2 protein chains.
Amino acid sequence: MPTGHEHTVKAFDEEIGHLRALISQMGGLAEQGISDAMLALQRNDPTLAKEVRTADAKIDAIQAEVERLVVRVIALRAPMADDLREVVAALKIAAVVERIGDYAKNIAKRVPMIHQGEDRIEAVSLLPAMAQMASDMVHDVLDAFSARNAEAAVAVCERDRALDDFYDSIFRTLVTFMVENPRTIGQVAHLLFVAKNLERIGDHATNVAEMVYFAATGRYLADREPAEPSDL
Amino acid sequence: MPTGHEHTVKAFDEEIGHLRALISQMGGLAEQGISDAMLALQRNDPTLAKEVRTADAKIDAIQAEVERLVVRVIALRAPMADDLREVVAALKIAAVVERIGDYAKNIAKRVPMIHQGEDRIEAVSLLPAMAQMASDMVHDVLDAFSARNAEAAVAVCERDRALDDFYDSIFRTLVTFMVENPRTIGQVAHLLFVAKNLERIGDHATNVAEMVYFAATGRYLADREPAEPSDL
């Protein structure tokens, strides 16, 4: 029979495993949200856009569950050092993934506003590649969390600069498009916000990477500025 | 002499008091950040804009302190019911105030981009009134938290709709301004983001209001949709 201590350790491991599974599930929903929102945008599909909002409500519910579980684990087990770092990381990562879900929802909500005029906004075609880049960062950083892989987390951080550059270039292109097609300014302004949301998703993936690194190593990702939103 | 139980209660009350003081301090810095960022924007004052970024780093540091204190209180005292709700609310409110600070910083970072052209952007003058409205919501909701005043929290929620309407009207005005002044589109696009940041500050004040209500009453602010970003 297990001793009392072994029993506690086992229960804690199970709780951590449950936390990881919940966060994985949130991450999967968030990735799906990003890709559905972009598809809805390209196809002008209001039904799919609405589904993104429903999926976001699921993400919110799982986040609330993570929160309750974290508080219970801290109160019952008073974990120390590595274990505490891990539990707190789970709490914070869940909060960030919830925000990523909000960005996907926000993109979905702009679909009708972007397609409201008679003009087809060619500039829409710029965004899916950027969305894929952001979504891949989210995917890879949650994999890094699952695997407690600090190096994989660092690799995600390093991709944020490319995403920021992509955003800056899209910002300039959209402004030029507006200058040349003044009738579409209202619609393209919404596209600017979509691009910004994607850029912010990358910032959040980077924040998660920093948390994964800290949870896995106990050190801060030094020699690196904290993730800043792009200047544009 | 106090009994052991009284001693624990007193220590807990002191910790809660300390948490409240830290959040108050964060709130004051966030309000100052919003007002300094707007002043920097109106006056094109890069020095003041830089100060907003320094103040934001202070907010981040206080948030980290709140987090450590909350985890310690939960682990040491395993608070129940009302007490637990209050401690968790402090954690969540600190996270939201940190985001409000980020929005102020983001506004400050756009100052040079908005003033980069030769044209004076008259549209800048639209924003201070909106900023004041958002900043007042932040102020009042943190007062409501300090006073555990659920009714004051509800009153803050009710002001979010007016802020959203203000934002929608500014969005339309800025789009019109861009159509009429195509040379300024790049600069005015940054103003759109500033207006959006202010609208989001109102959403976050509303989220805090919901947390204050829940912490004070144990009930969710029912008959009310969760705060949604404006559709524009």
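Residues numbered from 1 in each chain as written. Chains lettered and ligands numbered in written order. Predicted model: local features only at pLDDT ≥ 70, side-chain atom pairs only at ≥ 80, totals over all residues. Heavy atoms only, no water.

**Some remarks on the relation of the copies chain B and chain A**
Least-squares fitting of chain B to chain A yields an RMSD of 0.0 Å, with the superposition described by an axial translation of 0.0 Å and a rotation of 180 degrees. Such values leave the two copies arranged in the relation of a two-fold axis. Every residue of chain B has its C-alpha some distance from the rotation axis, and the shortest such distance is that of A75 of chain B, at 2.4 Å. When the interface residues of chain B are mapped onto chain A, 100% of them are again interface residues, pointing to one common binding face. (Least-squares fit on C-alpha atoms with pLDDT ≥ 70 in both. Contact = heavy atoms within 4.5 Å.)

**Details of helix α6 (residues 185-217) of chain A**
Residues and elements named next belong to chain A. Between the first and last C-alpha of α6 there are 48 Å, a value that for 33 residues agrees with the 48 Å anticipated at 1.5 Å per step. Most of α6 is tucked away: 28 of the 33 residues are buried. Where α6 terminates, the next one or two residues include G218, which has phi positive at roughly 75 degrees. (Helix = DSSP H or I, 4+ residues; strand = E, 2+ residues; numbered from the N terminus. Expected span 1.5 Å × (residues − 1). Buried < 20%, exposed > 50% of the residue type's maximum accessible area, 1.4 Å probe, protein only.)

**Observations concerning the interface of chain B and chain A**
Contacts between the two partners involve 33 residues from chain B and, on the opposite side, 33 residues from chain A. Contact between chain B and chain A buries roughly 2900 Å² in total, counting both sides, with carbon and sulfur atoms accounting for 65%. Here chain B is connected to chain A by 2 salt bridges. Across the salt bridge formed by K92 of chain B and E67 of chain A, the nearest N and O atoms sit 2.7 Å from each other. Here chain B and chain A share 2 residue pairs in polar contact (both at pLDDT 80 or more) between them. When residues of the side of chain B that touches chain A are traced back to their parent elements, those giving at least two are α2 (46-77), α3 (81-114), α5 (150-180) and α6 (185-217) of chain B. Take the side of chain B that touches chain A: its biggest share by element is 10 residues, from α3 of chain B. In terms of residue class, the side of chain B that touches chain A is built from 20 nonpolar, 3 polar and 10 charged. (Buried area = accessible area lost by both parts, 1.4 Å probe. Salt bridge = Lys/Arg side-chain N within 4 Å of Asp/Glu carboxyl O. Polar contact = N/O pair within 3.5 Å; in protein donor to acceptor, adjacent residues only side chain to side chain. Nonpolar A, V, L, I, M, F, W, Y, C, P; charged D, E, K, R; others polar.)

**Let's talk about the packing of α5 of chain B against α6 of chain B**
Residues and elements named next belong to chain B. Closest axis-to-axis distance for the α5/α6 pair is 9 Å, and the angle between their directions is 170 degrees. Comparing the axis directions of α5 and α6 gives the class roughly antiparallel. Here the residues of the contact of α5 with α6 sort into 24 nonpolar, 3 polar and 6 charged. (Axes fitted to C-alpha atoms, helices over the stretch in contact; angles between N-to-C directions. Parallel < 35°, antiparallel > 145°, perpendicular 65-115°, else oblique.)

**Some remarks on α5 of chain B**
Taking 1.5 Å as the rise per residue, α5 of chain B with 31 residues should run 45 Å; its terminal C-alpha atoms sit 46 Å apart, in good agreement. Regarding α5 of chain B, its N-cap is N149 of chain B, as a side-chain oxygen of that residue lies 3.1 Å from the backbone nitrogen of E151 of chain B further along.

**Details of the UniProt feature "domain: PhoU" (unreviewed entry) in chain A**
UniProt feature "domain: PhoU" (unreviewed entry): in the numbering of this structure it lies at residues 23-111 and 129-212 of chain A. In the segment residues 23-111 of chain A, helix accounts for 94% and strand for 0%; the C-alpha atoms at its two ends are 28 Å apart. (UniProt positions renumbered as here; feature names shortened; annotations may be inferred.)

**Considering empty space enclosed by the protein**
Enumeration according to the criterion identifies 3 cavities of 30 Å³ or more in this entry. The volume enclosed by the largest cavity comes to roughly 80 Å³. If you list the elements that add at least two residues to the lining of the largest cavity, you get α2 (46-77) and α3 (81-114) of chain A together with α2 and α3 of chain B. The residue inventory of the lining of the largest cavity, partitioned by class, reads 10 nonpolar, no polar and 2 charged. (1 Å grid on protein atoms, 1.4 Å probe; cavity = no way out; pocket = protein on both sides within 12 Å on 5 of 7 lines; lining within 4 Å. Points joined across faces, edges and corners; volume = space filled by probe spheres on them.)

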